[in-house]
Amino acid sequence: RKGNVIVTGASSGLGLATAKALAETGRWNVIMACRDFLKAEKAAKSAGMAKESYQVMHLDLASLDSVRQFVKNFRQSGLPLDVLVCNAAVYFPTAKEPTYTADGFEMSVGVNHLGHFLLARELLEDLKASDYPARRLIIVGSITGTTRTRCIPSIEAHPLTRASPCVLPGAPGNTNTLAGNIPPKANLGDLRGLAGGLNGLGGSTMIDGGEFDGAKAYKDSKVCNMLTMQEFHRRYHEETGVTFASLYPGCIATTGLFREHVALFRLLFPPFQKYITKGFVSEEEAGKRLAQVVSDPSLTKSGVYWSWNSNSASFENQLSEEASDPEKAQRLWQLSEKLVGLA
Ligand code: NDP
């Protein structure tokens, strides 16, 4: 039978390119889990995806009710679940004030981490129940939180790239690259803001308890994604045989992720990536990379953070100190469970 893969945020950018790459193999039925049903249908059509290769199901990660409803709808479809790809994300680099999910969490961490955390926890049962030989749970990471980068440090320090999520590792513990020390750096601190509910009501909207900073909130959320993947691996890999993986697909400077950025940045960022840092990958190439993590029989190792070198060969990347801290991962897991109503 065909494999069934859920891809969140498959209506644009990396998610759409991945959905298309998988659909084209003829071996996958892609469930496009999207907040805008019509946009996703149109995107699939204009990408040339064959009607029988996909279906769109509504999922708004900015609402825990919507996540639970999605899980119900998916189960009602009667399809087994073989691979889950947590890909969707929002990024608000220029926001002066936080925005909030339906449950009152700061939006970047609420969507990128907490919505996906609930989704992945719920759907683990379905992955367990599948008879597919290579069941996988993939959470898209970012270069934030890695120790190695293909970008040139002196270029990364350029003010134009300062708020970019991908040229700028900005990770705590990432002290072996100059860029790792350029603010805003990801830093979850002692998670006091998360413990306080991340809603600004008497506490902070930032995980570390600090002042709101949209670019940092995105980077923090990506560190959460990578910690979550590893905690899943530690808790469930042996018991379930499910492969847990994360990846940095490369800097895809053309996607909608940069839609909130200032116009000049949006104009200059793609050529800057292409010709100067050479970190640029097309959406199509990035989609193939993620599709490889979904389906390549050689990428079955669990707990791995995949990256690609300039020849497009995959390798196991190293995570920064914070993004690989098991105690932090466990605390993040417990606090996230409380916030999404699992504990
Ligand atoms: P896009 O903005 O193109 O895609 C993001 C997707 O997430 C869209 O489909 C969007 O839906 C969806 N989404 C946003 N909010 C929600 C929500 N509340 N519920 C459901 N879906 C939602 O960005 P990219 O393709 O670049 O990003 C995809 C992933 O790649 C992210 O995890 C990002 O962190 C990661 N990444 C990207 C890099 C890059 O250089 N672009 C580099 C490293 C990692 P809609 O179409 O309705 O807006």
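The rules we used
- Residues numbered from 1 in each chain as written.
- Predicted model: local features only at pLDDT ≥ 70, side-chain atom pairs only at ≥ 80, totals over all residues.
- Heavy atoms only, no water.
- Patch = residues over 30% accessible without salt bridge, like charges linked within 9 Å, V, L, I, M, F, W, Y side chains within 5 Å.
- Areas by Shrake-Rupley, 256 points an atom, 1.4 Å probe, with all protein chains shown as cover.
- Salt bridge = Lys/Arg side-chain N within 4 Å of Asp/Glu carboxyl O.
- Helix = DSSP H or I, 4+ residues; strand = E, 2+ residues; numbered from the N terminus.
- Core = buried A, V, L, I, M, F, W, Y, C linked by side-chain atoms within 4.5 Å.
- Buried < 20%, exposed > 50% of the residue type's maximum accessible area, 1.4 Å probe, protein only.
- Contact = heavy atoms within 4.5 Å.
- 1 Å grid on protein atoms, 1.4 Å probe; cavity = no way out; pocket = protein on both sides within 12 Å on 5 of 7 lines; lining within 4 Å.
- Points joined across faces, edges and corners; volume = space filled by probe spheres on them.
- Nonpolar A, V, L, I, M, F, W, Y, C, P; charged D, E, K, R; others polar.
- Phe/Tyr/Trp six-rings, centres within 6.5 Å; stacked < 30°, edge-to-face > 60°.
- Expected span 1.5 Å × (residues − 1).

Visitor: In this structure, what is going on with a nonpolar patch on the surface? I would like to understand it.
Guide: A grouping of Val262, Leu264, Leu267 and Leu268 is seen on the molecular surface, where their side chains present a nonpolar patch of about 370 Å² in accessible area. The topology assignment puts Val262 in the loop between β6 (243–247) and α8 (263–277).

Visitor: How should I be thinking about the nonpolar core in this particular structure?
Guide: Considering soluble globular proteins, one finds that nonpolar side chains tend to be buried as a cluster. Ile6, Phe70, Leu84, Leu123 and Leu137 are the most contacted members of the largest nonpolar core, which totals 67 residues. Of all elements in the fold, only β2 (28–34), α3 (64–76), β4 (83–86), α4 (107–129), β5 (136–140), α7 (214–240), α8 and α10 (326–339) reach the threshold of two or more residues within this core. In terms of residue count, the dominant contributor to this core is α4 (11 residues). With residues up to four places along the chain from it excluded, the contact list for Leu137 reads Leu84, Ala120, Leu127, Phe232, Val242, Thr243, Phe244 and Ala245. Met49, Val281, Ala286 and Ala291 belong to the second-largest nonpolar core, a separate cluster that totals 38 residues.

Visitor: When you look at empty space enclosed by the protein in this model, what are you seeing that I'm missing?
Guide: Which parts of space are left empty comes out when a probe the size of a water molecule is rolled across the atoms. In this structure the tally under the stated criterion is 1 cavity of 30 Å³ or more. Quantified by volume, the largest cavity comes out at close to 30 Å³. In terms of lining residues, the largest cavity is bounded by Asn112, His113, His116, Phe117, Ile139, Asn225 and Thr228. Contributing elements (two or more residues each) for the lining of the largest cavity: α4 and α7. The dominant element in the lining of the largest cavity, judged by the number of residues it contributes, is α4, at 4 residues. Among the residues making up the lining of the largest cavity, the classes are represented as 2 nonpolar, 5 polar and no charged.

Visitor: Please clarify how the packing of aromatic side chains should be interpreted in this entry.
Guide: The geometry of an aromatic ring pair is captured by the separation of the ring centres together with the interplanar angle, meaning the angle of the planes. One pass over the full model with this rule turns up 7 aromatic pairs. Seen from their ring centres, Phe117 and Trp333 are 5.1 Å apart, and the 85 degrees between their planes marks the pair as edge-to-face. Here the residue Phe117 occupies a position in helix α4, and Trp333 occupies one in helix α10, the gap between them amounting to 216 residues. Residue Trp333 is classed as buried on the basis of its relative accessible area of 2%. Pairing Phe232 with Trp333 gives two aromatic rings, centres 4.9 Å apart and planes at 80 degrees, and the pair type is edge-to-face. Placement of the pair is Phe232 in helix α7 and Trp333 in helix α10, with a sequence separation of 101 residues. Both residues of the pair, Phe232 and Trp333, count as buried. Taken together, the ring pairs connect Phe117, Phe232, Tyr236, Phe244 and Trp333 into an aromatic cluster.

Visitor: Even after reading the chapter, I still don't get the side chain of Ser53, so can you show me in this structure?
Guide: Mapped onto the elements, Ser53 comes out in the loop between α2 (37–46) and β3 (54–58). A relative accessible area of 3% places Ser53 in the buried class. Ignoring anything within four residues of it in the chain, the contact list for Ser53 reads Lys2, Ala23, Trp28, Asn29 and Val30.

Visitor: How should I be thinking about unusual backbone geometry in this particular structure?
Guide: Peptide bonds are mostly trans, and most non-glycine residues show a negative phi. Of note in the backbone geometry, Leu191 takes a positive phi value of approximately 65 degrees without being a glycine. Relative to the assigned elements, Leu191 resides in the loop between α5 (153–156) and α6 (192–195). You can call Leu191 buried: its relative accessible area is 1%. A positive phi angle is found at Leu198, which is not glycine, with a value near 60 degrees. Mapped onto the secondary structure, Leu198 falls in the loop between α6 and α7.

Visitor: Can you walk me through helix α1 (residues 13–25) in this structure?
Guide: Because an α-helix packs 3.6 residues into every turn, residues spaced three or four apart end up facing the same way. In a regular helix each residue adds 1.5 Å, so 13 residues correspond to 18 Å; α1 covers 19 Å between its end C-alpha atoms and thus fits that length. Of all 13 residues in α1, 10 are buried, a share of seventy percent or more. What α1 keeps buried is the set Gly13, Leu14, Gly15, Leu16, Ala17, Thr18, Ala19, Ala21, Leu22 and Ala23. Looking at the buried side of α1, the elements it contacts are β1 (3–8), β2, α2, β5 and α9 (283–295). Within two residues after α1, Gly26 carries a phi angle of roughly 80 degrees, on the positive side.

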